[in-house]
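Survey of secondary and tertiary structure
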Amino acid sequence: NDARILQMEVTRYGRDEALVIVRDVTRLHNLEQMRRDFVANVSHELRTPLTVIAGYLETLEGSGQAPQGWQRPLAQMLDQTQRMTSLVNDLLLLARLETSERNSGREQIPVRELMERVAGEARGLSAGRHQISVECLQDATLTGDATELHSAFANLALNAVKYSPAGGPIQLRWWVDSRGGHFSVQDSGIGIDPIHIPRLTERFYRVDAGRSRDSGGTGLGLAIVKHVLLRHSGELGVDSTPGRGSTFTLHFPPSKLSTAASA
Ligand code: ADP
């Protein structure tokens, strides 16, 4: 079909003059669509081979029959296969999120339960190296897609673990006020220089690529968070001081909440 996509920009000059620019962005839009489809297809196709490789490697490692001297290389192969699996899963999730900017699910997600689950996952990654606390100041449910919201909450909590030295406290907090519901993750980790903050939600943007890779990062976490928020009318807040720590906050509007008082 030959439907065109036009973009219009109006600049006013005084009372009765205006400059109107109309751009035909059909080609750009189609190219962007092709890029998304390509990434989604490649990621999907890579999942099966990766599952097979990981399966055999795990069996071999578990059987204790690996040839002499192959324990370390085998562990490294498994580690890298798991990294690739995370990357492929994140790419696939991101491609799905990007296909529609708005309109998330209509599930009712209890925030306290979601926070406890995410704290559990963060404790698993931390393996006792951090004190992770949960402070849910008000019971509420969020309206949206449970998997997507879990992914957004979890990415912030796991980042706090990845970018904090051992022993640092990490606090997950939820509160509700007249502007909506807010979920924050505060860490006392390495922090982020202000020049990087505007770019953190770009795909594969990392302040320190080496450190991110070592900690198992795919560089897609905050891009996923951004897209989940777009689909839930939410916003991301970042407050960070290098060397002192960061606070990442997800803000949700009142329309996405129901609290005990309003239920
Ligand atoms: P990654 O998989 O690399 O963690 P993200 O998209 O989740 O990717 O984050 C992008 C970058 O932002 C990270 O590589 C890291 O440099 C920085 N970052 C994210 N969270 C934190 C944090 N809590 N403290 C310090 N730096 C962070």
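Scroll up for the structure.
A quick note: this is a predicted structure, and the numbers were derived from the prediction, not measured.

A grouping of Leu 6, Met 8, Val 10, Val 20 and Val 22 is seen on the molecular surface, where their side chains present a nonpolar patch of about 500 Å² in accessible area. Here Val 22 is to be found in strand 2 (residues 17-24). Residue classification places Val 22 among the partly exposed residues on the basis of a relative accessible area of 49%.

Once that is clear, we can look at the pairing of strand 7 (residues 180-187). Among the eight residues in strand 7, seven count as buried, and that is most of the element. As judged from the six bridges shared by strand 7 and strand 9 (residues 245-252), these two strands associate in the antiparallel manner. If you follow His 182 over to strand 9, its bridge partner there is His 251.

Attention now goes to the pattern of salt bridges. Inspection of the entire model under this criterion finds 14 salt bridges. The shortest N-O distance in the salt bridge between Arg 173 and Glu 135 comes to 3.0 Å. Here Arg 173 is found in strand 6 (residues 169-177), whereas its partner Glu 135 is found in strand 4 (residues 131-136), with 38 residues between them in sequence. Judged by its relative accessible area of 23%, Arg 173 falls in the partly exposed class. Look at the salt bridges and you will find they share partners, linking Glu 32, Arg 35, Arg 36, Glu 98 and Arg 203 into a network.

Right, let's get into the sheet that holds strand 10 (residues 257-259). Taking strand neighbours across the sheet as the criterion, the three strands line up as 3-5-10 in an open arrangement whose pairing is antiparallel. Each of the sheet's edge strands pairs with one partner strand only, and the pair in question is strand 3 (107-110) and strand 10. Averaged over neighbouring strand pairs, the angle between their axes works out to 30 degrees when direction is ignored. For strand 3 and strand 5 (residues 140-144), the ladder comprises four bridges, and the chain directions are antiparallel. Residue pairing in the sheet places Glu 107 in a bridge with Gly 144 of strand 5. The strands that helix 4 (residues 146-162) touches are strand 3 and strand 5; relative to strand 5, the one it contacts most, it runs at about 115 degrees.

Now for the sheet that holds strand 9. With mixed pairing, the five strands of this open sheet are ordered in space as 4-6-7-9-8. Two strands lie at the open edges of the sheet, namely strand 4 and strand 8 (235-241), each paired on one side alone. Averaged over all adjacent pairs, the angle separating strand axes in this sheet is 10 degrees, with direction ignored. Examined bridge by bridge, strand 4 and strand 6 share six bridges and lie parallel to one another. Opposite Glu 135, over in strand 6, you have Arg 173 as the bridge partner. Helix 6 (residues 221-231) contacts strand 8 and strand 9 of the sheet and is inclined by roughly 25 degrees relative to strand 9.

What counts, and at which threshold
Residues numbered from 1 in each chain as written. Predicted model: local features only at pLDDT ≥ 70, side-chain atom pairs only at ≥ 80, totals over all residues. Heavy atoms only, no water. Patch = residues over 30% accessible without salt bridge, like charges linked within 9 Å, V, L, I, M, F, W, Y side chains within 5 Å. Areas by Shrake-Rupley, 256 points an atom, 1.4 Å probe, with all protein chains shown as cover. Salt bridge = Lys/Arg side-chain N within 4 Å of Asp/Glu carboxyl O. Helix = DSSP H or I, 4+ residues; strand = E, 2+ residues; numbered from the N terminus. Buried < 20%, exposed > 50% of the residue type's maximum accessible area, 1.4 Å probe, protein only. Pairing = 2+ DSSP bridges. Axes fitted to C-alpha atoms, helices over the stretch in contact; angles between N-to-C directions. Contact = heavy atoms within 4.5 Å.

Everything listed here is a matter of geometry and, on its own, says nothing about what the molecule does.
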